[in-house]
Amino acid sequence: MSTFSSSLHPWRVEDSAELYGVHSWGAGYFDVSDKGEVVICPYGPKGPKVPIPELIDGIKERGYNMPCLLRCENILDSQIASLHESFNKAIKSLGYKGSYRGVFPIKVNQQQQVIEEIADFGSRYHHGLEVGSKGELIAAVAHMSDREACVICNGYKDGEFIDLGLQAQRLGLNVFFVIEMPGELETIIQRSKVLDIRPKLGVRCKLSMRASGHWAESGGERSVFGLSPAEVVDIIDRLKAVDMLDCLRLLHYHLGSQISNIRDIRLGAMEGARFYAGLVEEGAPMGYLDLGGGLAVDYDGSHTNYFSSRNYTMDEYSADIVEAIMATLDEDGIKHPHIVTESGRATVAYYSLLLFNVLDVSRLEPMQLPEKLDDDTPQPVVNLREVLASITPRSLQECYNDAVYYRDEMRQLFATGAVNLRQRCLSERFFWTILMRIAEEKEHLKTIPRDLHDIDVNTADIYYGNFSIFQSLPDSWAIDQLFPIMPVHRLQERPERRGIISDITCDSDGQINHFIDQLGNKRTLELHPLKDGEEYYLGVFLVGAYQETLGDLHNLMGDNNVVSIRVEEDGSYEFVREQEGDTVADVLSYVEYEPRRIMESLRSMAERAVREGRITPSQRFAFLQVFEDGLRGYTYFER
Ligand SMILES: *Cc1c(COP(=O)(O)O)cnc(C)c1O
């Protein structure tokens, strides 16, 4: 059953905090208040706390419906500050001679307000931007005014891309072209001659070490990006030939994203430093070592090298990098370079969360079974009844197998017309009753047979959330990424139900049935029963990285509303930005419909109906009104 055994002690908010792991994954930015509400603490646990339910009220008063993405700008600032403070601490304590220059990879969250905030707040640390396309480069140049911050150009570059970068350099920006493909060099040489600008160049090398984890495919020897040692040597020779070796300033590598194991980070830094030393020995001036992204987020709060976690802190990350580079380069007496990292995920993940209301819950209820079976009851149903009667703790697996077998047999008989709808319905009732009994019994077992694990998911409540996974949590669907999910209120109450979450796209993939857990992951989430006339709100946390621009228009669910807040040190806060989600007309036009043409054709359709006497002119008006309102409306469920 989907209720879980309730122990006797009264439920406290601390129990909720522990159950949902807020203190483990929240990095100090989230907590549970005495009133049982999730609060945002942008200045850390000791600072002011803003209750999320109060923010939801504020959002609704301003006319925005759920689902809504809530961003807290201070958290973004705070993450940038932490990154620099961590590196600066390591640099100081280890006596490293270079400095740290972070850059934000725009692809991780391309929203204008994010780039603007990073460029503004980041300027106090000379935090720069990393771009992988012409569009991103234009966005970066438009926001960067700091001449010391780096603008790193990765990705395949054509002549136009290079011209954009060279012009930005002429304006005074610190632009680097990282050569990822041997062919790019000739275009760079040619364009810089034409424009008479000496470019700053980097090379992206493929390390032989390969990090483990979900996202690591982009690193390693077989990665599609980057140059082999032989190609790097060719580039050096070519640069020497055209008298441009003095342009070579930076070495870049990228192991992949969400590197869970600090060991991989350390090994990468050591190998990267060796490559760097090799380039210095060849006579390149160098000066920058860029380690790419990879700094992971502890989504599940387990602090392990599990794919959704990391076995290190930000301080350990920076100390290990600084130490590894220093140890490697000191052996050859090479001057310490500036260290660049391209942390995207860790910079933006924390600052946004998705809020949605639950529209409905479907529960598997105990079912009515007949006391006596009719004489003409099909044999499989009779067998199912026997299975139900024979359930004991030791026979669960066997009963489960039998139940599935007889249920399938009934389905086949139904398909061939041998049994009728009512008989089939009876077999399903027995089947689900058996499953509920097995689910109950298996809780008493020490070890649960593998096959029975799925029973929890099958017998769990289904909470229908007002959002689209494809639009708002694409990685949850595409690569089974885990995010912390929890109710944002009622946390003083014991969550008595167990559920999975379904979105409103009616797609069988539009479901969340893996949840974070300190011990790996769990298949159902503890939730509260709905109350009449009261909304139940869930939050999906740490969604600031990669989720906002990957989303698609599945079922024509569009962008959701977005609201940003900024919290002052006294705890007061302001709604600083609002972004209205797509209307139905917006999403229709994305797929090449023209809302105006749709209205025109509806108008003439309705006019014809009037002419033919099927509706009155005022009914025509009402008909058109409904469609006009519909086109203007939000794509999600509106109460
Ligand atoms: C995606 C990417 C990053 C960002 O990685 P995170 O793990 O999100 O920090 C950095 N550099 C390059 C080249 C990338 O492709």
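Keep in mind it's a predicted model, so treat the numbers as computed, not measured.

Moving on: the confidence of the model for the chain. The predicted coordinates of low-pLDDT regions are not to be read in fine detail. Here the chain averages 93 in pLDDT, and 96% of its residues register 70 or above. Below pLDDT 50 for its whole length, residues 1–5 participates in 16 contacts with residues either more than four positions away or in separate chains.

Nonpolar side chains collect at one region of the surface, where Tyr 590, Val 591 and Tyr 593 lie side by side and expose about 290 Å² of accessible area between them. Position of Val 591 relative to the elements: it lies in the loop between helix 20 (584–590) and helix 21 (595–611).

Attention now moves to the pattern of salt bridges. Enumeration over the complete set of coordinates arrives at 38 salt bridges. A salt bridge links Glu 186 to Arg 238, with the nearest nitrogen and oxygen atoms 2.6 Å apart. Highlighted residues: Glu 186 in helix 8 (residues 184–195) and Arg 238 in helix 9 (residues 229–241), separated in sequence by 52 residues. Note on Glu 186: relative accessible area 37%, which makes it partly exposed. Judged by relative accessible area, Arg 238 falls into the partly exposed class, the value being 32%. As a salt-bridge pair, Asp 408 and Arg 407 come within 3.2 Å of each other at their nearest N and O atoms. For Asp 408, a relative accessible area of 30% gives the class partly exposed. Taken together, the shared-partner salt bridges in this structure form one network comprising Glu 73, Asp 77, Glu 117, Arg 566 and Arg 577.

Within this structure, the stated rule accounts for 19 aromatic pairs. Judged by centre distance (6.3 Å) and plane angle (55°), the rings of Phe 121 and Tyr 125 are tilted. For the pair formed by Phe 121 and Tyr 125, the shared burial category is buried. Seen in terms of ring centroids, Phe 431 and Trp 432 are 5.3 Å apart; in terms of plane orientation they differ by 80°. Their pairing is edge-to-face.

This part takes up helix 1 (residues 13–20). Inspection of helix 1 places Val 13, Asp 15, Ser 16, Ala 17 and Tyr 20 among the buried residues, and these make up the whole buried set. Elements in contact with the buried residues of helix 1: helix 2 (22–25), strand 1 (30–32), strand 15 (485–487), strand 18 (515–517) and strand 20 (525–527). The first or second residue beyond helix 1 is Gly 21, which carries a positive phi of 70°.

The eight strands are arranged 5-6-7-8-9-10-11-12 in a closed barrel whose pairing can be described as parallel. Looking at each pair of strands side by side, their axes are set apart by 25° on average, direction ignored. As judged from the three bridges shared by strand 8 (residues 174–179) and strand 9 (residues 201–204), these two strands associate in the parallel manner. In the sheet register, Phe 177 faces strand 9, and the bridge partner there is Leu 201. Lying on the sheet, helix 7 (residues 159–170) is in contact with strand 6 (128–131), strand 7 (150–153) and strand 8; it crosses strand 8 at an angle near 150°. Its contacts with the sheet put helix 8 on strand 8 and strand 9, and the angle it makes with strand 8 is roughly 145°.

Sheet architecture is open: three strands sit in the order 1-2-3, paired in antiparallel fashion. Strands at the two margins of the open sheet, each flanked by one partner only, are strand 1 and strand 3 (50–51). By the bridge criterion, three bridges tie strand 1 to strand 2 (residues 38–40) in an arrangement that is antiparallel. Looking at strand 2, one finds that Phe 30 is bridged to Ile 40.

Let's shift gears to the site of the ligand. Close to the ligand lie 16 residues; Lys 107, Ser 257, Glu 342, Gly 344 and Tyr 546 are nearest. Here an oxygen atom of the ligand and a side-chain polar atom of Lys 107 are 2.6 Å apart. Computed on the free molecule, the ligand has an accessible area of 390 Å², of which 92% lies beneath the protein chains in the complex. Classifying every residue of the shell around the ligand gives three nonpolar, eight polar and five charged.

Where helix 14 (residues 396–415) contacts helix 15 (residues 421–442), the two axes come as close as 10 Å, and the packing angle between them is 165°. As judged from the angle between their axes, helix 14 and helix 15 are roughly antiparallel. The element helix 14 and its partner helix 15 pack so that their crossing is left-handed. Listed contacts from helix 15 to Leu 396, Cys 399, Tyr 400, Ala 403, Val 404, Arg 407, Met 410, Arg 411 and Phe 414 of helix 14 are Leu 421, Gln 423, Arg 424, Ser 427, Glu 428, Phe 431, Ile 434, Leu 435, Ile 438, Glu 441 and Lys 442. Across the contact of helix 14 with helix 15, the residue classes break down as twelve nonpolar, two polar and six charged.

What counts as what
- Residues numbered from 1 in each chain as written.
- Predicted model: local features only at pLDDT ≥ 70, side-chain atom pairs only at ≥ 80, totals over all residues.
- Heavy atoms only, no water.
- pLDDT = per-residue confidence, 0-100.
- Contact = heavy atoms within 4.5 Å.
- Patch = residues over 30% accessible without salt bridge, like charges linked within 9 Å, V, L, I, M, F, W, Y side chains within 5 Å.
- Areas by Shrake-Rupley, 256 points an atom, 1.4 Å probe, with all protein chains shown as cover.
- Salt bridge = Lys/Arg side-chain N within 4 Å of Asp/Glu carboxyl O.
- Helix = DSSP H or I, 4+ residues; strand = E, 2+ residues; numbered from the N terminus.
- Buried < 20%, exposed > 50% of the residue type's maximum accessible area, 1.4 Å probe, protein only.
- Phe/Tyr/Trp six-rings, centres within 6.5 Å; stacked < 30°, edge-to-face > 60°.
- Pairing = 2+ DSSP bridges.
- Axes fitted to C-alpha atoms, helices over the stretch in contact; angles between N-to-C directions.
- Near = heavy atom within 4 Å.
- Polar contact = N/O pair within 3.5 Å; in protein donor to acceptor, adjacent residues only side chain to side chain.
- Nonpolar A, V, L, I, M, F, W, Y, C, P; charged D, E, K, R; others polar.
- Parallel < 35°, antiparallel > 145°, perpendicular 65-115°, else oblique.
- Left-handed = near helix turned anticlockwise from the far one by under 90°.

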